[in-house]
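Remarks on the overall topology
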Amino acid sequence: MPAQFLVNIFIAFLWVLLMDEDRFYFSTFVVGYSIGILIVFLMHRFFGQRFYLRRFVATVKLIIVFISELFQSSYFVLKYILRPGYDMKPGIFKYETILEGEWEVSALALLLTLTPGSVVMEVTPEGNTFYIHAMDLVASKQNLIISLGKFEKAIMGVTR
């Protein structure tokens with residue numbers, strides 16, 4: 001993927017040179033970069049890799065999913081904190097993930113721990129099972145499993 005990016009930058013500078021302007025204009029470079037994106041996209045199969053901007057789009061999607069889940073879980077926790085006399089039933093449950101590799105498993109554990117109301121307590125040595133503590137196991141387990149599925153899908157979009 002770095003090769004695709006470097007070819008795209010080369011095309012952009014080549015475009016600036018071919019425009020034969022008396023100064024360097026950033027707008028000309030942006031137009032050349034945009035043309036380079038189109039050329040690299042049409043030829044990315046010759047690089048033997050997927051198009052390099054797909055990973056960028058997948059990363060932005062992962063950030064959006066995380067922010068969405070952060071606000072939803074914050075609302076959930078705030079709702080239970082402000083409700084007087086609510087009897088929470090905290091608990092631990094086991095979750096088996098489809099992710100592989102240290103980076104993917106670590107990212108999932110960190111993203112889940114950063115959202116309020118749940119904490120990854122332990123990851124098995126194989127790296128495919130989490131033990132998760134939920135603030136209210138009865139009410140939030142299904143929501144946590146849905147969130148984990150969204151995170152897994154977004155992480156796989158970035159890494160694979």
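Structure shown above.
Just so it is clear, the structure is predicted and the values come from calculations on it, not from any experiment.

1. Details of the side chain of S118
By the secondary structure assignment, S118 is in strand β2 (residues 118-123). Note on S118: relative accessible area 3%, which makes it buried. Within the structure, S118 has its side chain in polar contact with the backbone oxygen of L112 (distance 3.3 Å). In contact with S118, not counting residues within four places along its chain, are L112, T113, I132, H133 and L144.

2. A closer look at the packing of aromatic side chains
Summed over all chains, the structure comprises ten aromatic pairs. For the pair F66 and F151, a centre-to-centre distance of 6.5 Å together with 35 degrees between the ring planes defines the contact as tilted. Taken together, the positions of F66 in helix α3 (residues 52-82) and F151 in helix α5 (residues 137-159) put the pair 85 residues apart, joining distant regions of the chain. With a relative accessible area of 0%, F151 lands in the buried category. Ring pairs connect the aromatic residues F13, F24, F26, F29 and Y33, which therefore count as one cluster. In this structure, K79 is placed above the aromatic ring of Y80, and the distance from its NZ or CZ to the ring centre is 5.4 Å.

3. Considering the pairing of strand β3 (residues 129-134)
As judged from the six bridges shared by strand β1 (residues 91-96) and β3, these two strands associate in the antiparallel manner. By the bridge assignment, Y95 is partnered in β3 with F130. As paired elements, β2 and β3 share five bridges and run antiparallel to each other. Bridge assignment links V120 to a residue of β3, and that residue is I132. Hairpin connection from β2 to β3: five residues lie between these consecutive antiparallel strands, with G127 at a positive phi of about 85 degrees.

4. A short note on the sheet that holds β3
By definition, the strands of a sheet pair up through backbone hydrogen bonds, in either a parallel or an antiparallel sense. Read across the open sheet, the three strands follow the order β1-β3-β2; overall the sheet is antiparallel. The strands lining the two open edges of the sheet, one partner per strand, are β1 and β2. On average, each strand axis in the sheet is tilted by 30 degrees relative to the strand beside it, whichever way the strands run.

5. Notes on α5
The end-to-end C-alpha distance of α5 is 31 Å, a good match for the 33 Å that 23 residues give at a rise of 1.5 Å each. When we look at burial in α5, the residues that qualify are S140, L144, S147, L148, F151, E152, A154, I155 and V158. On its buried side, α5 packs onto α3, β1, α4 (102-114), β2 and β3.

6. Description of helix α2 (residues 26-43)
If you check α2, its first and last C-alpha atoms are 25 Å apart, about what 18 residues at 1.5 Å a residue would give, namely 26 Å. Of all the residues in α2, the buried ones are T28, F29, G32, Y33, G36 and V40. Along the axis of α2, the buried positions cluster into a sector of 135 degrees, meaning they face one direction only. Along α2, the residues that are exposed and aim more than 90 degrees away from the buried face are S27, L38 and L42.

7. Thoughts on the packing of helix α1 (residues 2-19) against α2
The contact between α1 and α2 brings their axes to 7 Å, and the two run at 135 degrees. With respect to their mutual orientation, α1 and α2 come out oblique. The two elements α1 and α2 cross, and the hand of that crossing is right-handed. Side by side, α1 and α2 meet where Q4, F5, V7, N8, I9, I11, A12, F13, W15, V16 and M19 of the first sit next to T28, F29, V31, G32, Y33, I35, G36, I37, I39 and V40 of the second. Split into classes, the residues belonging to the contact of α1 with α2 amount to 16 nonpolar, five polar and no charged.

Reading the values: rules and limits
Residues numbered from 1 in each chain as written. Predicted model: local features only at pLDDT ≥ 70, side-chain atom pairs only at ≥ 80, totals over all residues. Heavy atoms only, no water. Helix = DSSP H or I, 4+ residues; strand = E, 2+ residues; numbered from the N terminus. Buried < 20%, exposed > 50% of the residue type's maximum accessible area, 1.4 Å probe, protein only. Polar contact = N/O pair within 3.5 Å; in protein donor to acceptor, adjacent residues only side chain to side chain. Contact = heavy atoms within 4.5 Å. Phe/Tyr/Trp six-rings, centres within 6.5 Å; stacked < 30°, edge-to-face > 60°. Lys NZ or Arg CZ within 6 Å of the ring centre and 35° of its normal. Pairing = 2+ DSSP bridges. Axes fitted to C-alpha atoms, helices over the stretch in contact; angles between N-to-C directions. Expected span 1.5 Å × (residues − 1). Arc of directions from axis to C-beta. Parallel < 35°, antiparallel > 145°, perpendicular 65-115°, else oblique. Left-handed = near helix turned anticlockwise from the far one by under 90°. Nonpolar A, V, L, I, M, F, W, Y, C, P; charged D, E, K, R; others polar.

Spatial relationships are all this shows, so hold off on functional conclusions.
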